[in-house]
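# Observations on chain architecture
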Amino acid sequence: MTGGPTLDELLASSGHFADPGRRVLVTGASTPLGERLVRLLLTDSRVAHVLAITGEPAESFVVRDPDPDRLSVVQVDMGKERRIRNMLFGAARDRGIDTVVHLAQHRSAHAQGSRVHAFNVESLRAILELAERHPTIRRLVVRSDSAVYQMQRDLPVLIGEDHPLNLHGVLPQWVQDRVEADVTACARMGLSGLSIVVLRMAEVLAPGTGSQIFDYLESALCLRPAGYDPMLNLLTIEDGCTALVKAIFSDAEGVFNVPGADTLPLSACINSWGRVGLPVPGGWMTPLYRLRARLTGSDFRYGMNRRRFHYSGVLDGRRAREVLLYVPSHPIAWPGEDDAEGLSQP
Amino acid sequence: MPQLPSLSRAFANLALPDAELDRLRELHFRDAGHGFDPFGLSPDHVAFGQAVVSPLYERYFRVKSFGHEGLPQTGPAVIAANHSGNIPIDGMMIWSDVLRNTRPPRVVRAIADHFVPSLPFIGTFFARGGMVGGSRGNAQTLLEAGELLLIFPEGTPGILKPFRDRYKLQRFREGHAEMAIRHGAPIVPVGVVGGEEQLPALFTSRRLGRMFGIPGVPIPAVPLPLPVRYYLYYGEPIAVHEEFSPEDADDPKVVRAVAGRVQAAVQALIQRGLAERPGVFA
């Protein structure tokens, strides 16, 4: 349910890079973000080839008018190190891949166990290790998540890249894995010839992305803790792709926050999405949303989001703006947006 | 379901005169896209807050303000004031006074103790009016953006001190001085007179405070704040940005000396106010 300019407009706006002939591997290519990125790269004349890695059969990955010289699709189980090794030193080496964009993450907040951990963390560890001695790979772009940051009442609202990480107490595996993957990538920076970029993205408000807020907003009635209305920052797939493309073509290394164009209070988010917000005592939230998850099978876990339903947290995108030249420019197309004028718009 | 800003706007439109509404439309703020800045400030809520506070400011506490002409109209600055009275009415009066006495209006960003943003309703209400939690990162971001900060360098020991210690400044913390030096912001000392007598407390319960996650709960001797008259004395801005370089912010001696100067300036303003006021309620 995101809007903004079309893919063609997006491409036209990102046409100033001057690094022709990139050969890019994208893991998690069948996710909404991965699929859009692959399409974007295919229409970019500076990209010579895209190797799309999907978890599903390769035939199910459909791109309009695919050019077999510029796109190949390979099914790989990213939870298995041997398959990753075979892919990197097989299909990727054969195609001369120079840049890996790692987007594969398990999307369900309820999924847990060693298999999920292998998918979320060990796959990245394997890519890091193998890419360092790979004959053609020179750059790795890792998609991370704003969930890696700690939310606490005495921490700044504007979250910079040096903000404390979410290592607090007993956390769901969904969060633990994301923090571990992020730290794993950061720990390898500067230790080899592999150039590593970690993009800590704001939550993408779109279906199929594993967005907790999207799942929360699926309900017609959205409960929120009474007395709290924290500020959120949300990202569109278009802006996420723009940041990834900029990271692919940049020479910069390091960690970058990727905020979205929408910064607003939770109540405004609920209203703008056309939902009814109902403040309830904070103690009711966990049992009510646990019940909702059991009855409807929804993925939203209030316990995992409790702090950000109380404390504001907005990604500070200064570093990405200055180094990657990334500026969020695709706001969410809110279905319930009204055009009422406020004091700020006389 | 109507959004809160619409209700706020409707209330402000009813309660504030047209001239004040027009003036508040000139308010500058960093709109993050939906009528709020990244910290949650909203011009609609600022107008709402002014509509709520104005009767208290004008009729109940009958605030008299001196020296506000020296308030920086643009650029980063730190207002440092004494804190008193068990509940932060002094902050609300300064907030309203600065809003009234700056052209275009400036919203002073009060830096609150860590626990305030986590208080239900109160934290959100204050955040919409510009308050932020007391972290170094928040203050730094706001000063870099050229905002006007309000800091009570005494912290909670100032507001929760016993009645017998009224108008005795507690030791000033140093964060305000360090931030001002680092970001080239002048410090405006403010002496608040009247707040100490607004709500005398029998005692302060630390145990109750622990239950609510706050430093203490004052047990007041009166059911409501008394209609004392507030006096706000703004001193000459201390131009730390002209005397020191940003690197001096790392020198503990410099920072301590500046904090001491600010404390002395606030103390002098308080003494002036106490000498000039005809009585607690007058």
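The structure displayed is predicted, hence computed values, not measured ones.

Our next topic: the overall build of chain A. Scanning chain A from terminus to terminus reveals 11 helices and 14 strands. Rg of the C-alpha trace for chain A: 20 Å, near the compact-globule value of 20 Å for 346 residues, within the 12% margin. For chain A, the spread of C-alpha atoms along the principal axes amounts to about 60 × 50 × 40 Å. Counting all 346 residues of chain A, 58% fall into the buried class. Roughly 13900 Å² of accessible area belongs to chain A as shown, and the carbon and sulfur atoms make up 51% of that amount. Averaging the positions of the 37 positive and the 40 negative side-chain charges in chain A gives two centres separated by 6 Å.

Residues and elements named next belong to chain A. Most of strand β10 (residues 231-235) is tucked away, with five of its five residues classed as buried. Because side chains alternate across β10, one face comprises the buried residues M231, N233 and L235, and the other comprises L232 and L234, equally buried. Bridge count between β10 and strand β12 (residues 262-265): four bridges; the pairing is antiparallel. Bridge pairing links L234 to D262 in β12.

All names here are of chain B. In the contact formed by helix α8 (residues 175-183) and helix α11 (residues 252-276), the axes pass within 8 Å of each other and the chain directions differ by 110°. In terms of orientation, α8 and α11 fall into the roughly perpendicular class. Classified by chirality, the crossing of α11 by α8 is right-handed. The residues of α11 that touch α8, namely those facing H176, A177, E178 and I181, are V254, V255, V258, A259 and V262. A breakdown of the residues in the contact of α8 with α11 according to their chemical character gives seven nonpolar, one polar and one charged.

A few words on the interface of chain A and chain B. Across the boundary between the two partners, chain A contributes 33 residues, which contact 31 residues of chain B. For the pairing of chain A and chain B, the buried interface totals around 2700 Å² over both sides, and the portion due to carbon and sulfur atoms is 57%. Where chain A packs against chain B, one counts two salt bridges. Counting residues per element, the side of chain A that touches chain B draws most heavily on β12 of chain A, which supplies four residues. Tallied by class, the residues present in the side of chain A that touches chain B amount to 18 nonpolar, seven polar and eight charged.

Turning next to the nonpolar core. Within the largest apolar cluster, 51 residues are counted, with the highest numbers of intra-cluster contacts made by V26, L37, V38, L41, V101, L199 and L244 of chain A. Within the residue set of this core, elements represented by two or more residues are β1 (22-27), α2 (32-42), β2 (47-54), α5 (173-187), β7 (195-201), α7 (237-249), β11 (254-258) and α11 (318-324) of chain A. Apart from residues lying up to four places away in sequence, L199 of chain A is in contact with V141, V142, R143, S144, D145, A243, L244, A247, F256, V258 and L324 of chain A. Counting 35 residues, the second-largest nonpolar core is a separate cluster that includes A47, V53, M93 and Y230 of chain B.

Attention now goes to the sheet that holds strand β8 (residues 203-204) of chain A. Strand order in the open sheet formed by three strands is β8-β10-β12 (chain A), and the pairing between neighbours is mixed. Edge positions in the open sheet fall to β8 and β12 of chain A, since each of these has one partner strand only.

Next up on the list: a nonpolar patch on the surface. Residue and element names in this part refer to chain A. On the surface, a cluster of nonpolar side chains totalling about 220 Å² of accessible area is made up of L221, V276 and L278. Note on placement: V276 falls in strand β13 (residues 276-280). With relative accessibility at 39%, the residue V276 sits in the partly exposed group.

In this section: the pattern of salt bridges. Residues and elements named next belong to chain A. In the structure shown here, the tally under the stated rule is 33 salt bridges over all chains. Salt-bridge contacts for E122 lead to R125; the nearest nitrogen and oxygen are separated by 2.9 Å. Here E122 pairs with R125, and both are found in helix α4 (residues 114-132), just three residues apart, close to one helical turn. Overall, the relative accessible area of 30% leaves E122 in the partly exposed class. Taking the relative accessible area as the measure of exposure, R125 reaches 30% and is therefore partly exposed. E129 serves as the salt-bridge partner of R133, at 3.4 Å between the closest nitrogen and oxygen.

Before going further, it helps to spend a moment on the sheet that holds β1 of chain A. Residues and elements named next belong to chain A. An order of β3-β2-β1-β4-β5-β7-β11 is seen for the seven strands of this open sheet, with the pairing classed as parallel. What marks the edges here is a single partner per strand, and that holds for β3 (71-75) and β11. Here the average twist between neighbouring strands, direction ignored, is 20°. Where β7 and β11 come together, five bridges link them in parallel fashion. Looking at β11, one finds that L199 is bridged to F256. Contacting β5 (139-145), β7 and β11, α5 runs over the sheet at an angle of about 150° to β7.

A separate point is the pairing of strand β2 (residues 77-81) of chain B. All names here are of chain B. The buried fraction of β2 amounts to five of the five residues, a majority that puts the element mostly inside the structure. Here β2 shows two buried faces, one formed by A77, I79 and A81 and the other by V78 and A80. Across four bridges, the pairing between β2 and strand β5 (residues 148-151) is parallel. By the bridge assignment for β5, V78 is matched with L149. Across four bridges, the pairing between β2 and strand β6 (residues 187-193) is parallel. Residue pairing in the sheet places A80 in a bridge with P189 of β6.

How each quantity is defined
- Residues numbered from 1 in each chain as written.
- Chains lettered and ligands numbered in written order.
- Predicted model: local features only at pLDDT ≥ 70, side-chain atom pairs only at ≥ 80, totals over all residues.
- Heavy atoms only, no water.
- Helix = DSSP H or I, 4+ residues; strand = E, 2+ residues; numbered from the N terminus.
- Rg over C-alpha atoms; globule rule 2.2 N^0.38 Å.
- Buried < 20%, exposed > 50% of the residue type's maximum accessible area, 1.4 Å probe, protein only.
- Areas by Shrake-Rupley, 256 points an atom, 1.4 Å probe, with all protein chains shown as cover.
- Lys, Arg positive; Asp, Glu negative; His and termini not counted.
- Charge placed at Lys NZ, Arg CZ, Asp CG, Glu CD.
- Pairing = 2+ DSSP bridges.
- Axes fitted to C-alpha atoms, helices over the stretch in contact; angles between N-to-C directions.
- Parallel < 35°, antiparallel > 145°, perpendicular 65-115°, else oblique.
- Left-handed = near helix turned anticlockwise from the far one by under 90°.
- Contact = heavy atoms within 4.5 Å.
- Nonpolar A, V, L, I, M, F, W, Y, C, P; charged D, E, K, R; others polar.
- Buried area = accessible area lost by both parts, 1.4 Å probe.
- Salt bridge = Lys/Arg side-chain N within 4 Å of Asp/Glu carboxyl O.
- Core = buried A, V, L, I, M, F, W, Y, C linked by side-chain atoms within 4.5 Å.
- Patch = residues over 30% accessible without salt bridge, like charges linked within 9 Å, V, L, I, M, F, W, Y side chains within 5 Å.

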